[in-house]
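# Inside the fold
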Amino acid sequence: MVKYYLAIDIGASSGRHIVGWMQNNELKTKEVYRFPNGVVMQDGHLTWDVDALFHHVTTGIRNATEEFGRIESLSIDTWGVDYVLMNGDEIIGPCYAYRDGRTEAIIPEVHERISFSELYQKTGIQFQPFNTVYQLYADLKTGRLEQATDFLMIPEYLLYRLCGTKAHEYTNATTGGMVSAQNGQFDEEIIQALGLPKRLFYKLQQPGVQIGTYEGIRVMLCATHDTGSAVEGIPMEGNQPYISSGTWSLLGVKTPKPITDENSKAQNWSNEGGVGYNRYQKNIMGMWLVNRLRDELCPETDFNEIVSNARSSGYEETVDVNDSLFMAPESMKAAFDERLLRKPQTPGDYFRCAYRSLALCYANALDELQYNTACKYDKVYIVGGGAKNELLNALTQEFSGKQVVALPMEATAIGNLKSQMTWEGTV
């Protein structure tokens, strides 16, 4: 009897429901539902509409059961760092999005209480202004934590809405800069130094745990951070670097334990949780650049034509894709213009600049990775939406000198399914 499992994979711009099953010792998958996602402006802040997300979650589950009948289990993965504050069963709104600038003013105060050097030594997490540690401190300063009984990362909240269990999952928790690199639990010294309520931080659970049921379907924890699931889903030969290419590009490699030396801190490398290993990786701006340029310059143009125009452009200048100017500009085109000596003349010039800049950043990061891990790699595996971009893949291979293995597959959904199926012994 064939058993069916459901992976719900939600990114910053879209979500999808993918059913998986084993057939002739091979994992088969089918997408049964896809929906849009995006930040919503509310009272001058960028937020997530978690009620709309939950509506899409349940709609997709219904589609899956209508088409496949019995679903054995399901799980949800999303991006990291963002969370929902709760008072009992009620949301303390809004649910802020990581691109909102609310943490900027309080970051120096956080570092007065506990320096970034100490934070990095304890957690191994690279500095990002939107890390959960800064977001929670911003909530503390505005009084939003006074009535809070829980904070749940986005996938944890959606799973709670399905089954009624509040759980903290390890891989997603590590993205926020508050989990000890030594013991894999929330770091009590960080919590105490910042004066955060201890009641919010309970034991982290590993992927592969059942936390409840929804309409007869087992509700599981996968690696609920989408990159954690994506790395699990890559059919890799040996241990080679990966790039999970979406709104962000996550470039890294599996390591047995976190690497928290001074060089890693200076270069802003991160150590995030994997399924039985550490993910030593760097967050690099990704398709956000290209998508925003498209929205401004040619919203009706499909990506095949965009890539073709970029390929035929002769524009050679590049930008630092990790420049904070590109985080959430009102105009992405204006942001590029501000950083370039010679202004691009055509949309193709802008897109070529974006692709070359990304590839150059990948190549530099791969050089750092080899030095920091004292290992030489000959391949880099690319999964996610960017894996479909032949020009970006070619530029990455050219600049890095590594063989690019592009896998335009739903690696995140496959990793999500793998966590569920391994628990039951199906794979």
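In what follows, the accompanying structure is described. (Residues numbered from 1 in each chain as written. Predicted model: local features only at pLDDT ≥ 70, side-chain atom pairs only at ≥ 80, totals over all residues. Heavy atoms only, no water.)

### Digging into helix H14 (residues 390-400)
Put simply, the rule is: Categorising residues by exposure relies on relative accessible area from a 1.4 Å probe, with only protein chains included: less than 20% of the type maximum marks a residue as buried, more than 50% marks it as exposed, and the intermediate range marks it as partly exposed. Going along the chain from the N terminus, every DSSP run of H or I of four or more residues is numbered as a helix, and every run of E of two or more is numbered as a strand. Contacts were defined at the residue level, with two residues in contact if any of their heavy atoms lie within 4.5 Å. For this analysis, a polar contact is any N or O atom pair within 3.5 Å, provided that within protein one partner can donate a hydrogen and the other can accept it, and provided that sequence-adjacent residues contribute only side-chain to side-chain pairs.
Those residues of H14 that fall on the buried side of the exposure criterion are Leu391, Leu392, Asn393, Leu395, Thr396 and Ser400. Where H14 is buried, its residues contact helix H11 (303-312), helix H13 (347-373), strand S19 (379-383) and strand S20 (403-407). Taking the backbone nitrogen of Leu391 as reference, a side-chain oxygen 3.2 Å away marks Asn389 as the first, capping residue of H14. Two residues or fewer past H14, Gly401 is found with a positive phi of approximately 75°.

### Some words on helix H10 (residues 288-297)
Along H10, the residues classified as buried are Trp288, Leu289, Val290, Arg292 and Leu293. In the core, the buried residues of H10 are packed alongside strand S18 (278-285), H11, helix H12 (332-339) and H13.

### Re the pattern of salt bridges
Selection criterion: Here, a salt bridge means any side-chain nitrogen of Lys or Arg that lies within 4 Å of a carboxyl oxygen of Asp or Glu.
Taken as a whole and judged by the stated rule, the model has 22 salt bridges. Linked through salt bridges whose partners overlap, the residues forming this network are Glu31, Arg34 and Glu410.

### Thoughts on the packing of H11 against H13
What counts is decided by this rule: A fitted line through C-alpha atoms represents every axis, and for helices the fit uses only the stretch in contact; the resulting angles, taken between N-to-C directions, go from 0 to 180 degrees. Any angle between 65 and 115 degrees counts as roughly perpendicular, while under 35 counts as roughly parallel, over 145 as roughly antiparallel, and the rest as oblique. Ten residues, namely Ala, Val, Leu, Ile, Met, Phe, Trp, Tyr, Cys and Pro, are considered nonpolar, four, namely Asp, Glu, Lys and Arg, are considered charged, and the remaining ones, Gly among them, are considered polar.
At their nearest, the axes of H11 and H13 sit 8 Å apart, and the two run at 85° to each other. Classed by the angle they form, the pair H11 and H13 counts as roughly perpendicular. Contacts from Ile306, Val307, Asn309, Ala310 and Arg311 in H11 reach Gly348, Phe351, Arg352 and Tyr355 in H13. By residue class, the composition of the contact of H11 with H13 is 5 nonpolar, 2 polar and 2 charged.

### Observations regarding the sheet that holds strand S16 (residues 248-255)
So the rule is basically this: In short, DSSP must find at least two bridges between two strands for them to pair.
Strand order in the open sheet formed by 6 strands is S17-S18-S16-S15-S19-S20, with mixed pairing between adjacent strands. Lying at the two open borders of the sheet, with one neighbouring strand each, are strand S17 (270-273) and S20. Strand after strand, the sheet turns through a mean of 30° between neighbouring axes, direction not considered. One ladder, built from 8 bridges, connects S16 with S18; its direction is antiparallel. Considered in S18, the bridge of Ser249 is made with Ile284. The sheet contacts of H13 involve strand S15 (242-245), S16, S18 and S19, and relative to S18 the element is tilted by about 155°.

### Topic: the packing of aromatic side chains
What counts, and what does not: Two rings from Phe, Tyr or Trp (for Trp, the six-membered ring) form a pair when their centres are within 6.5 Å of each other. A pair whose planes differ by under 30 degrees is stacked, one over 60 is edge-to-face, and the rest are tilted. Two conditions define a charge located above a ring, namely a distance within 6 Å from the ring centre to NZ of Lys or CZ of Arg, and an angle within 35 degrees of the ring normal.
The full count for this structure, using the stated rule, is 19 aromatic pairs. Judged by centre distance (5.6 Å) and plane angle (70°), the rings of Phe127 and Tyr134 are edge-to-face. By relative accessible area, Tyr134 is classed as buried at 1%. One aromatic cluster is present, formed by Trp48, Trp79, Tyr98, Phe130 and Trp248 through successive ring pairs. Over the ring of Trp288 we find Arg99; its NZ or CZ atom is 3.7 Å from the centre of that ring.

### Topic: the nonpolar core
Applicable threshold: Working definition of a nonpolar core: buried Ala, Val, Leu, Ile, Met, Phe, Trp, Tyr and Cys residues. They are joined through side-chain atoms within 4.5 Å.
Phe336 and Tyr355 are the most contacted members of the largest nonpolar core, which totals 123 residues. Residue contributions to this core peak at 12 residues, all from H13. Filtering out sequence-adjacent residues up to four positions away, Tyr355 remains in contact with Val290, Ile306, Val307, Ala310, Asn389, Leu391, Leu392 and Leu395. Judged by nonpolar contacts, the second largest core, of 10 residues, contains Ile234, Tyr242, Tyr277 and Val405.

### Let's talk about the side chain of Asp77
Note the cut-off: A positive count includes Lys and Arg, and a negative count includes Asp and Glu. His and the chain ends are not counted in either.
The topology assignment puts Asp77 in strand S6 (residues 73-77). The side chain of Asp77 sits in the buried core without any salt bridge; Arg16 is the nearest counter-charge, 6.4 Å away. Engagement of the side chain of Asp77 in a polar contact is seen with the side chain of Asn416, the distance being 3.0 Å.

### Section: the pairing of S18
Most of S18 sits out of view: 8 of its 8 residues are buried. Across the two faces of S18 the burial is the same, with Asn278, Tyr280, Lys282 and Ile284 and Arg279, Gln281, Asn283 and Met285 all buried. Alignment of S17 against S18, held across 4 bridges, turns out to be antiparallel. When the bridges of S18 are listed, Glu272 appears paired with Arg279. Turn length for the S17-S18 hairpin, with the two strands adjacent in sequence and antiparallel, is 4 residues, and the turn residue Gly276 shows positive phi of about 90°.

### Brief notes about the sheet that holds strand S8 (residues 90-92)
On the basis of which strands lie adjacent, the open sheet formed by 3 strands has the order S8-S7-S10 and antiparallel pairing. A strand with exactly one partner marks an edge of an open sheet, and here the two such strands are S8 and strand S10 (150-153). Each strand axis lies, on average, 45° off the axis of its neighbour in the sheet, ignoring direction. Looking at chain direction, strand S7 (residues 83-87) and S10 are connected through 4 bridges and run antiparallel. Counterpart to Val84 in the pairing with S10 is Leu152. Strands in contact with helix H4 (residues 132-141) are S7 and S10; relative to S7, the strand with the most contacts, it is inclined by about 35°.

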